[in-house]
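The lines below spell out each chain.
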Protein chains: 2
Amino acid sequence: MEVHGTPTGDQLAGAEVLYVWDHRFADLAAVLRRADRLRWVHAASVGVNRLICPELAERGITLTNSRGVFDVSIAEWVLAATLSFIKGFPRTLALQREHTWQYRTTGRLAGKRAAVVGTGSIGRAIADRLSRLDVQVTLVGRTAGADQTFGAVRGSDDLLSVATDVDMLVAAVPLTAATTGLIDAEVLAALGPAGFVVNIGRGPTVVESELIEALQTGTVAGAALDVFEVEPLPADSPLWSMPNVLVSPHMSGDYVGFEVDMMGVFVDNLRRWLRGDQLHNIVDPDFGYVRG
Amino acid sequence: MEVHGTPTGDQLAGAEVLYVWDHRFADLAAVLRRADRLRWVHAASVGVNRLICPELAERGITLTNSRGVFDVSIAEWVLAATLSFIKGFPRTLALQREHTWQYRTTGRLAGKRAAVVGTGSIGRAIADRLSRLDVQVTLVGRTAGADQTFGAVRGSDDLLSVATDVDMLVAAVPLTAATTGLIDAEVLAALGPAGFVVNIGRGPTVVESELIEALQTGTVAGAALDVFEVEPLPADSPLWSMPNVLVSPHMSGDYVGFEVDMMGVFVDNLRRWLRGDQLHNIVDPDFGYVRG
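Residues numbered from 1 in each chain as written. Chains lettered and ligands numbered in written order. Predicted model: local features only at pLDDT ≥ 70, side-chain atom pairs only at ≥ 80, totals over all residues. Heavy atoms only, no water.

Let's shift gears to the domain arrangement of chain A. All names here are of chain A. When the domains of chain A are assigned, the result is domain 1 (9–68 + 255–290) and domain 2 (71–247). One C-alpha centre belongs to domain 1, the other to domain 2, and the line joining them spans 30 Å. For the pair domain 1 and domain 2, the two sides together bury roughly 870 Å², of which 54% comes from carbon and sulfur. On inspection of domain 1 and its partner domain 2, the count reaches 0 salt bridges. Its residues placed into classes, the side of domain 1 that touches domain 2 shows 4 nonpolar, 5 polar and 1 charged. (Domains from an automatic or database assignment. Buried area = accessible area lost by both parts, 1.4 Å probe. Salt bridge = Lys/Arg side-chain N within 4 Å of Asp/Glu carboxyl O. Nonpolar A, V, L, I, M, F, W, Y, C, P; charged D, E, K, R; others polar.)

So, in structure tokens, the structure goes:
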């Protein structure tokens, strides 16, 4: 049954499986209390911060997400935003609007150093593609450790030291207690005046007021943001008017046809469910994301 | 001796080596007639179309260029322009100026098909980086043949058929008789309404009036142009105002510090010259570029 908005008791009666289409849906706890047969909730998103609630563990309800669908599109968006910044495209387009031919020299991506915060499939896809373009990538995770692909993962408690050594910082983490406010004034100061910040995860990972100040004072050079503390970004946010900022309306992962691929992830899991097999992409509710 | 503008007879007296700094310099034939001891001309550019003249071969004067210096920067510029187009950044920036949050879905680069016209070091660097991002690349050269890196090179006499099969067409060729007007209305029609055109070589490779019409009528989807038939691009060119076109002022290769690297190419060759060794990057004046 397809439901728009919060489902009614009648609509929930007998339902065992709930597919949550809208990543902004935040009423799951209330729904669970009115759906006593519900066993499985699938999210049509990767970030599930709005769905995490004590009722999931208490009732033994499985939560799965759409991990994997957005890896390539988001990684390409990060490359697009970074290359556009390095090559000065916003300025080139501004000069083009004035029909002004103004030659400048710009930068190169190859040889730059990046830290990608987030070791999930999206963070890894970003790190992989930056590496393919000869960027030196440091992967940052919840805890430090060895890594098959990238040699090592640095722990996020070491972020300040990592930020000192890189030219760009990409946030690709789920929103959890540990990642809220992770990128703050101190980290931005460590990144430094040539530094570039990218956030494609969830807005509150970056302390927005501190980022705005860092951008205004030249503490960092620029930012590409697809997510914000409040979405839609309020019309009076200073971010809109900053020439060194790309404001993107939470769309970095959404390519033409993504809904079909996302439904494919659900259908594959539904087949497993009907066969009684283990589901893919099970979110650990204590961590707030798919582990391992 | 450093000379601004066209050198005088006194300035040329006794000179054996001429370093041409400005790629727009077009008086070489006249200079050669007044410099009877000149043996070697080095160009601080890769394209040398303005320097080719019968006097070079008649006098046995060696012409070398700066092949290699711009490979990475231009290849990255092509990625930047292509990804920016696919991800809809010009529209995102336009909406940002209006403080408008407007969610859209965009595209993915991976899996797309590209033809790169030009088998020199720049064309190969572009083809290589597109391949690294999972683009299927067809390399197009003067003549068809086998290729160690890309399996095969298609001949430019086959361009119409190649254009039919790809999503994007990148021109990275020197300006010669054979490449002038190579990309015309017929090729653009073959590329088709989703097609994207990039030119980083020399303007006259693309028939500009036919490209403008193709862009206006939707025969092709968009273009990123760093070179034009007339540079600076005249203020009344329709290209300036097209939302599906990036107008860049002949700067795709010029990164901060490129002058130092370019001088390095010359100094390396100067050492060879003084030792009597074979020079690098010798342009074949019959072809207008460095062969092999």
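Bringing the interface of chain A and chain B into the picture now. Contacts between the two partners involve 54 residues from chain A and, on the opposite side, 54 residues from chain B. Taking both sides of the interface into account, the surface hidden between chain A and chain B amounts to around 5,000 Å²; carbon and sulfur atoms contribute 64%. Taken together, chain A and chain B are joined by 8 salt bridges. Residue Asp134 of chain B is joined to Arg129 of chain A by a salt bridge in which the shortest nitrogen-to-oxygen separation is 3.7 Å. Sorting the residues of the side of chain A that touches chain B by element identifies helix H4 (71–86), helix H5 (89–97), helix H6 (121–132), strand S11 (245–247) and helix H10 (258–275) of chain A as the ones contributing at least two each. At 9 residues, the largest contribution of residues to the side of chain A that touches chain B is made by H4 of chain A. In terms of residue class, the side of chain A that touches chain B is built from 30 nonpolar, 13 polar and 11 charged. (Contact = heavy atoms within 4.5 Å. Helix = DSSP H or I, 4+ residues; strand = E, 2+ residues; numbered from the N terminus.)

Let us now look at the packing of aromatic side chains. The full count for this structure, using the stated rule, is 20 aromatic pairs over all chains. Between Tyr19 of chain A and Phe266 of chain A the ring centres are 4.6 Å apart and the planes differ by 75°, which places this aromatic pair in the edge-to-face class. Here Tyr19 of chain A, found in strand S1 (residues 17–20), pairs with Phe266 of chain A, found in helix H10; they are 247 residues apart in sequence, far enough to count as distant. For Phe266 of chain A, a relative accessible area of 10% corresponds to the buried category. Between the aromatic rings of Trp40 of chain B and Trp273 of chain B, the centroid separation amounts to 5.3 Å while the plane-to-plane angle is 35°, which identifies the pairing as tilted. In this pair, Trp40 of chain B sits in strand S2 (residues 40–43) while Trp273 of chain B sits in helix H10 (residues 258–275), placing the two residues 233 residues apart along the sequence. Judged by its relative accessible area of 0%, Trp40 of chain B is buried. (Phe/Tyr/Trp six-rings, centres within 6.5 Å; stacked < 30°, edge-to-face > 60°. Buried < 20%, exposed > 50% of the residue type's maximum accessible area, 1.4 Å probe, protein only.)

The strands making up a sheet associate through hydrogen bonds between their backbones, and the pairing can be parallel or antiparallel. Residue and element names in this part refer to chain B. With parallel pairing, 3 strands are arranged side by side in an open sheet as S1-S2-S3. Of all strands in the sheet, those with a lone pairing partner are strand S1 (17–20) and strand S3 (62–64), marking the two edges. Adjacent strand axes in the sheet meet at a mean angle of 15° when their direction is disregarded. Bridging between S2 and S3 involves 3 bridges; their strand directions are parallel. Each residue of the ladder has a partner; that of Val41, found in S3, is Leu63. (Pairing = 2+ DSSP bridges. Axes fitted to C-alpha atoms, helices over the stretch in contact; angles between N-to-C directions.)

Before going further, it helps to spend a moment on the relation of the copies chain A and chain B. Note on the identical chains: chain A maps onto chain B by a rotation of 180° and an axial translation of 0.0 Å, with an RMSD of 0.0 Å. Viewed as a symmetry operation, the transformation between the two copies matches a two-fold axis. With an isologous cut-off of 70% or more, the 100% of interface residues of chain A that recur at the interface of chain B puts this contact in the isologous class. (Least-squares fit on C-alpha atoms with pLDDT ≥ 70 in both.)

Moving on, we come to the sheet that holds strand S10 (residues 222–225) of chain A. Residue and element names in this part refer to chain A. Taken together, 8 strands build an open sheet; the order of strands is S6-S7-S5-S4-S8-S9-S10-S11 and the sheet is mixed. The outermost strands of the open sheet, each flanked by one partner alone, are strand S6 (145–147) and S11. The average angle at which neighbouring strand axes cross in this sheet is 25°, direction not considered. Where S6 and strand S7 (residues 151–155) come together, 3 bridges link them in antiparallel fashion.

Taken as a whole and assessed by the stated rule, the structure comprises 30 salt bridges over all chains. One salt bridge connects Lys87 of chain A with Glu76 of chain B, and the closest N-O pair in it is separated by 3.4 Å. Separated into two different chains, Lys87 of chain A in the loop between H4 and H5 and Glu76 of chain B in helix H4 (residues 71–86) make up a pair that spans both. Between Arg113 of chain A and Asp167 of chain A there is a salt bridge, with its nearest N and O atoms 3.2 Å apart. Of this pair, Arg113 of chain A sits in strand S4 (residues 113–117) while Asp167 of chain A sits in the loop between helix H7 (159–164) and strand S8 (168–171), placing them 54 residues apart in sequence.

Attention now goes to the packing of H4 of chain A against H4 of chain B. Look at H4 of chain A against H4 of chain B: their axes get within 9 Å of each other, and the N-to-C directions meet at 120°. The angle between H4 of chain A and H4 of chain B falls in the class oblique. The hand of the H4 of chain A/H4 of chain B crossing is left-handed. In contact with Glu76, Leu79, Ala80, Leu83 and Ser84 of chain A of H4 of chain A, H4 of chain B contributes Glu76, Leu79, Ala80, Leu83 and Ser84 of chain B. (Parallel < 35°, antiparallel > 145°, perpendicular 65-115°, else oblique. Left-handed = near helix turned anticlockwise from the far one by under 90°.)

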